[in-house]
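Summary of structural features
Each chain, letter by letter, is given below.
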Amino acid sequence: MREEIQNLFQLINEKNLTNDFNAMFGEIFDTKHNQFTLQENVLLDYKENFPLEDDIEYRSGLLKLIASFHNIYGGIIVFGVRDEDFIPVGVNNQFDVEKYNALFSDIFNTNIELIRRNFTIKTDEKEIKIVAVLVPRRSSVRPAVAQRDYGQIVKGNIFIRERHESKVASSRQYPLIFSQRNKLYSETNQDIVGLQYSAPPSPSTLPTFVGRDNLFLSLWEWLLVDKKPRIYLSGAGGSGKSTLAYEFMDQVAHNWAGLKLRNFENLDFVTFVSAKETELNVRTGLEQKYNLRQFEDANSLFRLILTSVGGEDETDLEGLTREDLIEKLELLFDNFNGLIIIDDIDALSRSDLDTGEEDLFLLASQAQKAIKIIYTLRNDASYAKNAALPVPGLDQNTEVPEFVDACCGLFNTEMPNAAQMSELARESSCLPLLIETIIGLRTNGSSYEQAIRDFRDRGGEAARSYLYQREYEKLDEKGKGRQVLATLMEYGRALNFDSICALTNSTESEHIRSAINETANIFLKVSTAQDGTTVYGLSPSAAGFVRAYSKRLPYYPAIQRAVEHFRKNTATSTPKEAATISKAEQLLRSKHFDAVVTLANELEQSDTVLVNPKFMSILGRALVQANQADLVKARDLFRSAANFGFDDVFMFRAWYHAEKMSGYRFGEAIQVCRRVTDNQKYSDRYRSEFSAKIGECMSTQARSIFGADNPDKAKLFAEAVVHYAWAMHYAESTNELDRSKTLDWLSRAIYGYISSAGGDFGVLLKAFEEPIKSGLAFNSEISELLQLSMSGAARSRDLKSLRKSQGTLSGGITSITRAAGKRFHSNVRRLIEALEVAKKAFEVHIMQLTG
């Protein structure tokens, strides 16, 4: 390496930016030709001028350069020099160090202290000013990471200097980034000599490692910064957990000399051990025994660690008890710093064997040296969630193309086109192992389309079994996990939570929530629908496996029937179902509610009538009125039936009362009523009835609030008045309803409003505006009732309150007139006349009181 670069590195490390130009740049400046002789490199960059105030592109590029120097060795930026020929051209202004210190801190959330020096170069013609800025080498372990977008800078970017360029770092550069960087890279020793190292061959079939930059970053920060002694890499089979752990171990081992742990010491040993039982051969597409399995229980794991990196002889450990082995591990951990990777630890837990995790955790936590342990496993480490790092499939846009390219090179086949790439990513769920399997099938077929078809059928059977069978068998047989998977497979598209509850005929939503949590990481694809709700679909790569195993379930015919009902959105019934429903209806009409419940309890779990929405409705109505009423189950049945698209006014009445009897769940009760009021298929009679029920809910809520002159109480009463007005509006078109009761309820709501509003009619009249725009009409009965109630409030002797009432009435009349416009003026004519009369009453009384 050139001596000049070494001298620059020494100056940067010493932060020695002297005022003497010759001392700084004499050996890299040719005075005869007035030209710098050292080209841009990992420590040096030339800039012809400073960024203009509005040039965010240049300014962000300069910040990127500063970050790239800071993250590696530090560096020097010389302003006033052309970077194409290194000739000084000079600058006129000054570099604002404080401004860039602050801007860097804002973008990267990292404090930096740039150092500036001005130099004058004398040429034959004139004196030229150049400015040198020293960027210090980062002293913290964590690199500077962009915290927000800014020009060329994208949130999450880590910049590094590589030769003469500033680049976004990848996992390949992380060993350098997290090293001490007190020597230039070409001087560092990339060898495991001096490190106690033990590892089997890499589990990867590819010669190169692709992507996973964010996961690598988390692992490096955990190793060197985090206090937690262990971390779990968890994810679906085939997601690349073992390969990731191995590649990280390899990076650490080959760069160990430049790394410092939290105790400021180097690693002494690194080992990778595996309990993996089987592996998938991507060339043959078959599952096979893993010949490099190294331990099968906790004791053999402890012996393996001691013999691989602890200097123990295997024969000396034979016959030792568990306590003896733990004592030897404690001695090892108290004297040496180490990194241990334990692959596929759940191979032991799946066999109900002790994994030794807690023993190792306690030893590592209490050790006098730094011991770090990485586990890989398929299922979530629910007992150590704060120490878990999920390993998902590859990123479809950034990692899949690169990984496919590497696979095509391995299998010596052509790259897929864009459409084939998209289908390959979808079918494989972006899992590396399945991508390899499909490309392996391509080498034996005529096209990628053929390979994907083969994978869906017999060709991918072994791969799917390898990835999913053990997880499927672990699902709780008494739970709903398998039923949820079968339902999603049969339906074929993503469903929201309520729909899944309906299709599985679940009366307890918590069971479905548990099932989703149990299956989400392995089998499901979770996404957000256009309306913002979370939906759950079967992962395409798991569909073939789930399809084969679901058909073996005893209740699979009921699932098919439920999906059929759901798709048709009707309550069609088979003859057998119709007979059961007819019997249940007869019992319900004769008020034998307990008999309906008994009938349902005697049915087989697989009976398809249980997922018939009409039967759900009948059973729910019976449960509301049975001697042993089950309101929770009734509500769930009603919700399931409604999710199927079944709507029946008798069901909604019972549902409303179930909510009312369950401690008056106002929000839920109102939602039930809206299923009728917002549905134009129902007659005005029913819409009037359920509008009044909403008014009842609002009034009851308002009366539960203590105290007068309460704005929340007044608002609820105002909403109640609106809904009672709608009830009267719908009742106008039918002679079947007695409107006197609704008028009585309306009168009480108006009185409640007046007594709690403190003379302010604005909230009530404001509440009328939107309904008026929707066509709400005020007949003479409502208008007269409002006039009498409001005029009665004019008898008050509180002048301030009277004036408030007069003013809000006046403003309300104007707003209502505007809301109605010409289209609905006839609907509010009587109301406006009544309000004018009420306003006049206030005006007269105010005149009387003021003389």
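What comes next is a walk through the structure. No experiment lies behind these values; they were computed from the predicted model shown. (Residues numbered from 1 in each chain as written. Predicted model: local features only at pLDDT ≥ 70, side-chain atom pairs only at ≥ 80, totals over all residues. Heavy atoms only, no water.)

1. Thoughts on the packing of aromatic side chains
Test applied: The pairing test for Phe, Tyr and Trp rings, Trp by its six-membered ring, is centres within 6.5 Å, and the orientation test on the planes gives stacked under 30 degrees, edge-to-face over 60, and tilted for anything in between. Working definition: helices are DSSP H or I runs of at least four residues, strands are E runs of at least two. Numbering for both runs from the N terminus. To sort residues, take the accessible area from a 1.4 Å probe on protein chains only and compare it with the maximum for the residue type: under 20% means buried, over 50% means exposed, and anything in between is partly exposed.
Taken as a whole and judged by the stated rule, the model has 34 aromatic pairs. Arranged with centres 5.5 Å apart and planes meeting at 55°, the rings of F21 and F25 form a pair that is tilted. Residue F21 and its partner F25 are both found in helix α2 (residues 21-25); the two are separated by four residues, about one turn of the helix. Across the pair, exposure class does not vary: F21 and F25 are buried alike. Ring plane angle 70° and centroid distance 4.9 Å describe the contact between F29 and F36, whose orientation is recorded as edge-to-face.

2. A look at the packing of helix α24 (residues 593-601) against helix α25 (residues 613-625)
Condition: Only the stretch in contact is used when fitting a helix axis, every axis being a line fitted to C-alpha atoms; angles between N-to-C directions are given from 0 to 180 degrees. Working rule for angles: under 35 degrees goes down as roughly parallel, over 145 as roughly antiparallel, 65 to 115 as roughly perpendicular, anything else as oblique. Should the near helix be turned counterclockwise from the far one by less than a right angle, the crossing is left-handed, whereas a clockwise turn marks it as right-handed. Between two residues, a contact is recorded if the distance between any of their heavy atoms is within 4.5 Å.
Packing of α24 against α25 leaves a shortest axis separation of 8 Å and a crossing angle of 130°. As far as their axial angle goes, α25 and α24 are oblique. The handedness of the crossing between α24 and α25 is left-handed. Residue-level inspection shows F593, V596, V597 and A600 of α24 in contact with α25, the latter providing F615, I618, L619, A622, L623 and Q625.

3. Things to note about the pattern of salt bridges
Close approach of charged atoms allows side chains with opposite charge to pair. Stated formally: We count a salt bridge whenever a side-chain nitrogen from Lys or Arg sits within 4 Å of a carboxyl oxygen from Asp or Glu.
Scanning the entire structure with this criterion turns up 33 salt bridges. Of the charged contacts, one joins R653 and E689 as a salt bridge, the two residues approaching to 2.8 Å between their closest N and O atoms. Highlighted residues: R653 in helix α27 (residues 649-661) and E689 in helix α29 (residues 684-703), separated in sequence by 36 residues. Judged by relative accessible area, which is 22%, R653 ranks as partly exposed. Connected through shared salt-bridge partners, E162, E165, K167 and R172 make up one network.

4. With respect to helix α6 (residues 213-224)
Applicable threshold: Given a helix with a known number of residues, its expected span is that number minus one, times 1.5 Å.
Taking 1.5 Å as the rise per residue, α6 with 12 residues should run 16 Å; its terminal C-alpha atoms sit 17 Å apart, in good agreement. Listed as buried for α6 are L215, F216, L217, L219, W220, W222, L223 and L224. Turning to α6, the residues buried within the fold contact α5 (174-177), β10 (230-234), α7 (241-254), β14 (338-343), β15 (371-377) and β16 (388-390).

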